[in-house]
Amino acid sequence: MPDRRTAQEALARLTVDVPDWPEPGVTFKDITPVLADHHAFSAVITALAAAGRDERGDVVVDKVVGMEARGFILAAPVALALGVGFVPVRKAGKLPREAHAVSYALEYGEATLEVHRDGIAPGERVLMVDDVLATGGTVVATRQLIEACGGVATGASVLLELSFLQPRSVTGDLPVSTLLTI
């Protein structure tokens, strides 16, 4: 089974910086080479899933939430690895049934996220999974959605943290597990 260091090395080696995308001044972290490499992808999923286990390796969450869009790619296999359900958190207007909604600020704009009202049952323990922790806004908004359903956000597990944006000043007491800090 791959370890955390293997995942970190794969991320550092395979993540590609794309300057000025999606707009000037933003450097996009392209993780598609990580996803295309079976061994790297497997290592990353195993490492992200560790945040949903206790020190004995027992699963301590009931659901895994993935934030649109790249969070879906990571969260669904993390949920499978943990043997729990996956719940998508989508951009506004993408869910077909009654949903909770939260608006928040991004690194380069604003967004609204939604989750089906019945996606998370009251009391369920939920791990959030995403690709990049930038400003912390997406994690905070997703936590609010989980709590609006009556769930308990146990933590967030992300591939990359952009520390220069100081996201942890926003995420508060929420445990955040990051594979690689930039």
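Each value, and the rule that gives it
Residues numbered from 1 in each chain as written. Predicted model: local features only at pLDDT ≥ 70, side-chain atom pairs only at ≥ 80, totals over all residues. Heavy atoms only, no water. Helix = DSSP H or I, 4+ residues; strand = E, 2+ residues; numbered from the N terminus. Polar contact = N/O pair within 3.5 Å; in protein donor to acceptor, adjacent residues only side chain to side chain. Contact = heavy atoms within 4.5 Å. Expected span 1.5 Å × (residues − 1). Buried < 20%, exposed > 50% of the residue type's maximum accessible area, 1.4 Å probe, protein only. pLDDT = per-residue confidence, 0-100. Pairing = 2+ DSSP bridges. Axes fitted to C-alpha atoms, helices over the stretch in contact; angles between N-to-C directions.

Enquirer: Would you mind going over the side chain of Glu161 with me for this structure?
Expert: When you line up the elements, Glu161 lands in strand 8 (residues 152–161). In this structure the side chain of Glu161 is engaged in a polar contact, spanning 2.8 Å, whose partner is the side chain of Arg168. In this structure, Glu161 is in contact with Leu133, Pro167, Arg168, Thr178, Leu180, Thr181 and Ile182, ignoring residues within four places of it in sequence.

Enquirer: Can you walk me through helix 5 (residues 137–148) in this structure?
Expert: Helical geometry: 3.6 residues make up each α-helical turn, so side chains three or four residues apart lie on a common side. With 12 residues, helix 5 should reach 16 Å at 1.5 Å per residue; the first-to-last C-alpha distance of 16 Å fits that figure. For helix 5, the set of buried residues is Gly137, Thr138, Val139, Ala141, Thr142, Leu145 and Ile146. Directly beyond the C-terminal end of helix 5, a positive phi value near 95 degrees is found at Gly150.

Enquirer: Sorry if this is basic, but what is going on with the confidence of the model for the protein here?
Expert: Caution applies to low-pLDDT parts of the model: their predicted coordinates are not meant to be read in detail. Mean pLDDT over the protein: 95, with 98% of residues reaching 70 or higher. Considering each helix and strand of the protein separately, the mean pLDDT is smallest for strand 5 (residues 99–106), with a value of 90, and largest for strand 3 (residues 63–67), with 98.

Enquirer: Would you take a moment to explain the sheet that holds strand 7 (residues 125–133) for this structure?
Expert: Picture the strands of a sheet paired through backbone hydrogen bonds; they go either parallel or antiparallel. Taken in spatial order, the seven strands make up an open sheet running 5-6-4-3-7-8-9, and their pairing is mixed. Edge strands, defined here as strands with exactly one partner in the open sheet, are strand 5 and strand 9 (176–181). Averaged over all neighbouring strand pairs, the angle between strand axes comes to 20 degrees, with direction disregarded. Bridging between strand 3 and strand 7 involves four bridges; their strand directions are parallel. In the sheet register, Val64 faces strand 7, and the bridge partner there is Leu127. The strands touched by helix 4 (residues 70–82) are strand 3, strand 4 (85–91), strand 7 and strand 8; relative to strand 7, the strand with the most contacts, the crossing angle is about 140 degrees. Against the sheet, helix 5 engages strand 3, strand 4, strand 5, strand 6 (109–116), strand 7 and strand 8, with an angle of about 165 degrees to strand 5.

Enquirer: How should I be thinking about the environment of Pro175 in this particular structure?
Expert: Following the sequence through the fold, Pro175 ends up in the loop between helix 6 (168–171) and strand 9. Along the sequence, Pro175 and Ala51 sit 124 residues apart, while their C-alpha atoms lie 9.0 Å from each other. If near-sequence neighbours (up to four positions away) are discounted, Pro175 is found in contact with Thr154, Gly155 and Ala156.

Enquirer: Hey, could you run me through unusual backbone geometry in this one?
Expert: Peptide bonds are trans in most cases, and residues, glycine excluded, mostly fall at negative phi. In this structure, the amide linkage connecting Trp21 to the following residue, Pro22, adopts the cis form with an omega of 15 degrees. Mapped onto the elements of the fold, Pro22 is located in the loop between strand 1 (16–19) and strand 2 (27–30). In the segment running from Glu68 into Ala69, the intervening peptide bond is cis, with an omega of 0 degrees. Looking at the secondary structure, you find Ala69 in the loop between strand 3 and helix 4. Positive phi values are uncommon outside glycine, yet Asp20 reaches one of about 60 degrees. Relative to the helices and strands, Asp20 resides in the loop between strand 1 and strand 2. Note on Asp20: relative accessible area 47%, which makes it partly exposed. The phi torsion at Gln166 lies on the positive side, around 55 degrees, for a residue other than glycine. Take Gln166: it is sitting in the loop between strand 8 and helix 6. Given a relative accessible area of 54%, Gln166 falls into the exposed group.

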